[in-house]
Structure formats: structure tokens, C-alpha cells
Amino acid sequence: MARIAIIGLGLIGGSLGLALKATPREDLAIWGYDEDGRARERARLIGAVDRAVESPRAAVADAGLVVVATPAARIADVFEAIAPALAPDAVVTDVASTKGRILEWAAQHLPQHVSFVGGHPLAGKTEAGVEHAEAGLFQGRPYAVVPSEGAGETAIRSVVGLIHAVGAQERFMTADEHDHFVAAVSHLPLAASTALFTLLRRSQSWADFGKIAGPAYHDLTRLASGDPDLAADIASMNREEIQYWLDRYILELKRFRDLLDGPNEEILAEFANAQSDRARFLAGEDLEDQPRRGAVPDSRPSMAAMLLGPKIYARLRGVTKRAAPGARAARERP
């Protein structure tokens, strides 16, 4: 029987469990743990886990694949707690939205007889908690894969198998690349959304602003309604990258402000170009598929093979044995 352990049964952990249980694999067993007993029971009742246990060690015992889905700031403690109970050749992954610090903690706390492959599904909701979990949350969504230096191809295949099983699309990258890119497309929008809300909420005219706020304001401030603990974890663990992109955003806003002093034709061209460029982005017309296709690893046992059999393939970027060429050094500076 294929055994998967999920540590942390919130929105992401619960949705992973539901998505995995929706696969044809009838012999797949999922054991789960959450420090909140109500979350454990809820996850069991909705079918996200087959068995809810009362300790992280009990969850990972005999598991071939362990998914740590707790808030990022708690992952070091989870690694330390589960380390003595991890089975030989087990694969450990996570779902945190930062990767540099997580890989450091994995190297520090996890035993050498297991492999760590960092993961991050680019999916979610404003609502938090297992009660909002859904099996289709990851369908068609990108899922970052950040292998540790010691992770072999079989371990990577295991995580790729998990990603395919839940309907997501893997994107291989280094930790530096991940934290830089995600700061731009995920963490910056969170900061901007929150700042736009607090800008008007703290104004003396808030009562008037709030009464006439329409869909545009609601849409752009939606992320401010998210889990504040999660947002604080993101801000503290990816501080430098978020500051970098906030500086770039401030310069871009200044450029837009200066456009308003110019002729109407230039203002119209700016909005028209943005509209057409975004249309191409939504259609995927100007996006190059970056991950390189690698050879399928040998037939050594892996969770990927147990989940999807011969259909599993690996798309590797050769990042398991060498460092990145320096995402930070390659940035376009303002």
C-alpha cells in the first residue's frame, strides 16, 4: 500500500488530500496530522485523510512521501520532530511560498537517509482552513519544484508524481529563482493589495470611500482578507526580495504619475499596450516553456510510479548537483 503523510491539514494540506483521494489508486493511504484536533477530525470526515493521528511522528511512520503543509515559520520545528521517525529512503516535500530558508532547515534537521524536494503550489484562496479545501484547487496550476542538492532523480519523480496526481504542472527552479520570482508575482500583489486598503481605510474620509467602493476596489484589495499569520510569515521570510520588487513598483507608479502630465495620446497608448500585452499573457502567447526535459530515471521504486505508473516522466533542469547561476546577480536593476 502506498502511504503518504500530510503534516498540516489546512486549506492546502486538506486540498492535497482530497485531490489524491480522487485518483484511481484505491490502495493509496493518507495519514494526516494537525496540531488542531478539530482540523484533524474535519479532514477525516471530509475524506482528505484516511487516518488522523495525534503526533507528527505517528503520521510519517512507514510513509514513502511526506508533505509538510504547515505555515512556513513552523517547518523547522516539524523537520526536527519527524526526523527520528522517517523511513529509510523517504521523500519529504513542503508547500511553503519561500524556499531558501526551507532548504537550509532541511539540510540542518532532516537525516541523510531521506531526500528533500521543495515544493510550492501556486494556488489558494482568501479563505483559510480545511473546511474550505477542495480537490480541484490545483487543477492546471503551476507547482514550483526546488530540489535540494542531495535529492536524486527517484525522489524528484516522487514529487512530480504527486503534482501530476493533483492536476498541477511542475516548474523546476532553484531556491534563489523561486524566491525572486514568487516575490514579484505573489508577494508583491499581497503587499500592494494590503497597502491600497490601508491607504483609504486610515483616511479621515473612509466612511465616504467605503460607501462608494465598487468592484475595482474590492478586486484589488481581495488579498488583504487573507490569513494574517501566513502573510506575516511571507513578509519575514522573503523580506529582501519583497523590498526589491516594492522599490520597482514604486518607480513604476512614479512613471505612471508622470504620464498624466503628458499628452492624452501617450496615456492612451500606455493603457492600450498594457491591455494587449495582458491578453497575450492570458493566452500564453508570449511565455516560453523553461523547464528542460530530462531522461526518465530508472525503474527504482518511487511514489511517482505507485501513483501514476509508467506515465510519469521527469522534467529536470540539472539543479540537483550545482548551484544556480545567481538569480540575484542577474536582476534588472532600476
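Residues numbered from 1 in each chain as written. Predicted model: local features only at pLDDT ≥ 70, side-chain atom pairs only at ≥ 80, totals over all residues. Heavy atoms only, no water.

Peer 1: Please set out the overall build of the protein residue by residue, giving values where relevant.
Peer 2: Helix and strand counts for the protein stand at 13 helices and 8 strands. Burial status across the protein gives 43% buried among its 334 residues. A separation of at least 24 residues holds for 76% of the contacts in the protein among residues at least 6 apart in sequence. When the accessible surface of the protein is split by element, carbon and sulfur atoms take 52% of a total near 17900 Å². (Helix = DSSP H or I, 4+ residues; strand = E, 2+ residues; numbered from the N terminus. Buried < 20%, exposed > 50% of the residue type's maximum accessible area, 1.4 Å probe, protein only. Contact = heavy atoms within 4.5 Å. Areas by Shrake-Rupley, 256 points an atom, 1.4 Å probe, with all protein chains shown as cover.)

Peer 1: Outline the packing of aromatic side chains, listing residues and values.
Peer 2: Following the criterion strictly, the structure yields 5 aromatic pairs and no others. Note on Phe197 and Trp206: the rings are 5.6 Å apart at their centroids and 75° apart in plane angle, and the pair reads as edge-to-face. Residue classification places Trp206 among the partly exposed positions, given a relative accessible area of 22%. The rings of Phe197, Trp206 and Tyr217 are connected pair by pair, giving a single aromatic cluster. One residue, Arg3, lies across the ring of Trp31, its end atom 3.8 Å from the ring centre. Above the plane of the ring of Trp31 lies Arg51, whose end atom (NZ or CZ) is 4.5 Å from the centre. (Phe/Tyr/Trp six-rings, centres within 6.5 Å; stacked < 30°, edge-to-face > 60°. Lys NZ or Arg CZ within 6 Å of the ring centre and 35° of its normal.)

Peer 1: Give me the lowdown on the pairing of strand β7 (residues 142-147), citing residues and values where you can.
Peer 2: With 5 of 6 residues buried, β7 lies mostly within the body of the structure. Relative to β7, strand β6 (residues 115-121) is paired through 5 bridges, and the arrangement is antiparallel. Counterpart to His120 in the pairing with β7 is Ala144. Where β7 meets strand β8 (residues 169-172), 4 bridges bridge the pair, whose relative direction is parallel. (Pairing = 2+ DSSP bridges.)

Peer 1: Could you give me a rundown of the pattern of salt bridges, with the residues and numbers involved?
Peer 2: Taken as a whole, this structure holds 11 salt bridges when the rule is applied. Asp36 serves as the salt-bridge partner of Arg38, at 3.5 Å between the closest nitrogen and oxygen. One salt bridge in this structure joins Arg280 and Asp277, with 2.2 Å as the shortest N-O distance. Residue Arg280 and its partner Asp277 are located together in helix α12 (residues 264-283), separated by 3 residues, close to a single helical turn. Shared partners join several salt bridges into a network, and the residues in it are Glu252, Arg255 and Glu270. (Salt bridge = Lys/Arg side-chain N within 4 Å of Asp/Glu carboxyl O.)

Peer 1: So what's going on with the nonpolar core? Which residues, and what values?
Peer 2: Grouped burial of nonpolar side chains is what soluble globular proteins tend to show. In this structure, Ile4, Leu16, Leu20, Val117 and Val166 are the most contacted members of the largest nonpolar core, which totals 39 residues. Among the secondary structure elements, those contributing two or more residues to this core are β1 (2-7), α1 (11-21), β2 (28-33), α2 (37-46), β4 (65-68), β7 and α6 (153-165). Among the elements that make up this core, the one with the highest residue count is α6 (7 residues). The residues contacting Val117, other than those within four sequence positions of it, are Val91, Val92, Thr93, Asp94, Val145, Val146, Pro147, Ser148, Ala151, Ala155, Ile156 and Val159. (Core = buried A, V, L, I, M, F, W, Y, C linked by side-chain atoms within 4.5 Å.)

Peer 1: With reference to specific residues and values, describe the sheet that holds β4.
Peer 2: Taken in spatial order, the 8 strands line up as β3-β2-β1-β4-β5-β6-β7-β8 in an open sheet, and their pairing is mixed. Pairing within the sheet leaves two strands with one partner each, and these edge strands are β3 (51-52) and β8. Relative to β2, β1 runs parallel, the two being bridged by 6 bridges. For Arg3, the partnering residue across the bridge sits in β2 and is Ala29.

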